[in-house]
Amino acid sequence: MTLHVRPATVEDAAAIDDLLTAYAHARRIRLPGAGAALDRLTRPESIPALVQDAARIVGFGHAWPAGQAVRCFARVHPEHVGRGIGTLLLDDLERRSHSFGKPVFNVMQPAADDAATGLFIGRGYEVICHVLRMQMSLDRYQPPPAVLPAGITLSPFQAGHDEARLFDAFRAANPGHPAVEGEWWHDMRDDPAMPYDPTLWFTARRGPEIVGYSLGSRHELDGRTVGYVAEIGVRPSSRGQGIAFAALTATIGAFHRAGLPAATLNVDADNLTGALRLYRKAGMHAVPQSSEWSKRLAE
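Rules used in this analysis
- Residues numbered from 1 in each chain as written.
- Predicted model: local features only at pLDDT ≥ 70, side-chain atom pairs only at ≥ 80, totals over all residues.
- Heavy atoms only, no water.
- Helix = DSSP H or I, 4+ residues; strand = E, 2+ residues; numbered from the N terminus.
- Rg over C-alpha atoms; globule rule 2.2 N^0.38 Å.
- Buried < 20%, exposed > 50% of the residue type's maximum accessible area, 1.4 Å probe, protein only.
- Contact = heavy atoms within 4.5 Å.
- Areas by Shrake-Rupley, 256 points an atom, 1.4 Å probe, with all protein chains shown as cover.
- Polar contact = N/O pair within 3.5 Å; in protein donor to acceptor, adjacent residues only side chain to side chain.
- Salt bridge = Lys/Arg side-chain N within 4 Å of Asp/Glu carboxyl O.
- 1 Å grid on protein atoms, 1.4 Å probe; cavity = no way out; pocket = protein on both sides within 12 Å on 5 of 7 lines; lining within 4 Å.
- Points joined across faces, edges and corners; volume = space filled by probe spheres on them.
- Nonpolar A, V, L, I, M, F, W, Y, C, P; charged D, E, K, R; others polar.

Asker: Help me understand the overall build of the chain in this model?
Answerer: Looking only at helices and strands, the chain has eight helices and twelve strands in total. Taken over the C-alpha trace, the chain has a radius of gyration of 20 Å; the compact-globule value for 299 residues is 19 Å, and the two agree within 12%. Projected onto the principal axes, the alpha-carbon positions of the chain cover approximately 65 × 40 × 35 Å. Looking at the 299 residues of the chain, the share that counts as buried comes to 52%. Within the chain, contacts between residues separated by at least 24 positions form 70% of all contacts whose residues are at least 6 apart in sequence. Working note: accessible area of the chain is about 14,000 Å², and carbon and sulfur atoms make up 53% of it.

Below is the structure:
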């Protein structure tokens, strides 16, 4: 049957949710939360597209500006791989993304989706980073000792009071990150795939200042609800004192008390901040998660 591409609309949300769920099951990755498609379709500045075969949606993607690049999310229904659907999606999204005026176009590829590798290479993409999933079982978990330096306290996040201080700490810990404050809070608290639970968020403080943080959530992985550390960071001036380890173990301990069977997080395989050593010290081990591909958009 003939395939055709068109802009996706909110009326397509239910069918796109079905596609995203089928993809996640086939690739054994995190399941989308309820309303995941609607969330992607309504993001500010997002350009959504879908590929349709008769009345069935067989591909979905969207692109949006992020710093000096355009980021892209794209999925092909696992029963329709090999039909050129990924090519149609990227043709459309790359072309329409010129309106953002950004020179670079980046796409994330789950490690389990090796069918897309040849497509990216053929279109001139290059891998710019590999992401690892760090994970650990929480069966019989015993928290390791974690000593905070003098003057630092660890406490739960206080909603309605800590927002500005927390985002300031995030920007200090990640000075090159392109996050806009409103978008960052959307990702942290409004993403349907990671339900917000303030009992899983911990902050390290020196007086009123937040110097470190570990922000936990839940997500679906391999048919189970597990703990997921969405963000962890420490201000550069406070690193090397055990703050990140204490905050991380506080979140992992909260996962355990909540009855979650495992703890996970994602990290760049080339991370040079000592993050891999930190996560291994906490008891985690690594498995491949995804790769990020990048190309320059044609002038």
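Structure shown, so let's carry the discussion forward.
Asker: I would appreciate a short explanation of the environment of Tyr125 in the present structure.
Answerer: Position of Tyr125 among the secondary structure elements: in the loop between α4 (117-122) and β6 (126-137). The contact partners of Tyr125, leaving out residues within four places of it in the chain, are Leu90, Glu94, Phe105, Val107, Phe120, Trp293, Ser294 and Lys295. A polar atom in the side chain of Tyr125 sits 2.6 Å from the side chain of Glu94.

Asker: Could you clarify how one ought to interpret the pattern of salt bridges in this entry?
Answerer: Pairing between side chains of opposite charge can happen when the charged atoms of each approach one another. Scanning all chains against the criterion turns up 17 salt bridges. When the shortest N-O distance is used, the salt bridge between Asp12 and Arg6 registers 2.8 Å. Put simply, Asp91 and Arg123 hold a salt bridge, and the shortest N to O gap is 2.8 Å. Taken as a pair, Asp91 in helix α3 (residues 85-96) and Arg123 in the loop between α4 and β6 lie far apart in primary sequence, 32 residues in all.

Asker: What is the right way to look at empty space enclosed by the protein in this model?
Answerer: Tallied over the full model, the rule gives one cavity of 30 Å³ or more. Roughly 40 Å³ of internal volume is contained in the largest cavity. Mapped by element, the contributors of at least two residues to the lining of the largest cavity are α6 (181-190) and β9 (209-221). Split into classes, the residues belonging to the lining of the largest cavity amount to six nonpolar, two polar and one charged.

Asker: Please explain the layout of surface pockets as it appears in this structure.
Answerer: Here the second largest pocket is characterised by a volume of approximately 350 Å³. Around the second largest pocket sit 24 residues that line it, and Val76, Gly86, Asp113, Ala116 and Leu119 are the ones nearest its centre. Only α1 (13-27), β4 (69-76), α3, β5 (104-110) and α4 provide two or more residues apiece to the lining of the second largest pocket. Counting residues per element, the lining of the second largest pocket draws most heavily on α3, which supplies five residues. When grouped by side-chain class, the residues that make up the lining of the second largest pocket number 14 nonpolar, six polar and four charged.

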